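Spelled out, the chains give:
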Amino acid sequence: MELLNLHRIVDATLAEGPGLRCAVWTQGCSVRCPGCFNPQTWTTRGGTRMPWPEAAERVLRARDEHGVQGVTFLGGEPFDQPEPLGALAAAVRAEGLSVMTFTGHRVEELRVRPDCAALLASTDLLVDGPYLADKPEPSRPWVGSANQRFHFLTDRYDESVLDAPNRLELRIATDGSVDLNGFATTEALEALLAPVREGNNR
Ligand code: SF4
């Protein structure tokens, strides 16, 4: 069985797609958009190797413990490992969860790749296109640049989900480690961090 290579999993988040979701970041990205917010996910070295059934168990546990309505795959580049991710997507979807997938490729490129068929077939909401730093997204949630497109591949979701706000989530673990996810403009991030910087300068 081909193993997944994962960067991290957040069991329950409101910041990575419609409703409460389990978010799965893949490790490894061959797209490499200039200005990417997650360059630490580019290399295929590191990451956590995991058989997809183990990842499916984790996602289903997130449903049972936190009530997540679906899983979101983001990167890294999910379509760099489409086969094990497609199997994972089909397994959790068969259990009633929704699947949202981000990709730096355009869907037209993926549709001609046989290895991508299973993941596309099990994705309800696909967000496609590379991150373009010179085309910042002015209003839609979850995406960084205006060229990126939402494809509603099933009837699970529709355009109304795009009324959701962008969110940034900060988790501080008991060991003091800090974990951040979600999306915010540079201006909003600066506003958030300014009081912290001021405190450090006192
Ligand atoms: S596809 Fe995503 S992870 Fe890869 S470089 Fe572009 S923005 Fe970064």
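Structure's up top.
Residues numbered from 1 in each chain as written. Predicted model: local features only at pLDDT ≥ 70, side-chain atom pairs only at ≥ 80, totals over all residues. Heavy atoms only, no water.

Draft legend 1. Looking closely at the side chain of N5. For N5, the position within the fold is in strand β1 (residues 4-13). Those residues in contact with N5 that sit more than four places away from it in its chain are T26, Q27, T44, G46, G47, T48, R49 and Q81. (Helix = DSSP H or I, 4+ residues; strand = E, 2+ residues; numbered from the N terminus. Contact = heavy atoms within 4.5 Å.)

Draft legend 2. Geometry of helix α2 (residues 82-93). Along its 12 residues, α2 runs 16 Å from first to last C-alpha, staying within 8% of the 16 Å computed at 1.5 Å per residue. Where α2 is buried, its residues touch β1, β2 (21-26), α1 (52-66), β4 (70-74), β5 (98-102) and α4 (117-121). (Expected span 1.5 Å × (residues − 1).)

Draft legend 3. Broad picture of the pairing of β5. Of all 5 residues in β5, 5 are buried; the element is thus mostly enclosed. Every second residue of β5 is oriented toward a common face, with S98, M100 and F102 on one face and V99 and T101 on the other, all of them buried. Bridge analysis of β4 against β5 gives 4 bridges, and the strand direction is parallel. Following the sheet pairing, G70 is matched in β5 by S98. Regarding topology, α2 serves as the crossover connection from β4 to the parallel β5, and that connection is right-handed. Examined bridge by bridge, β5 and strand β6 (residues 125-128) share 3 bridges and lie parallel to one another. When the bridges of β6 are listed, M100 appears paired with L125. (Buried < 20%, exposed > 50% of the residue type's maximum accessible area, 1.4 Å probe, protein only. Pairing = 2+ DSSP bridges. Right-handed = clockwise from strand over helix to strand, strands pointing away.)

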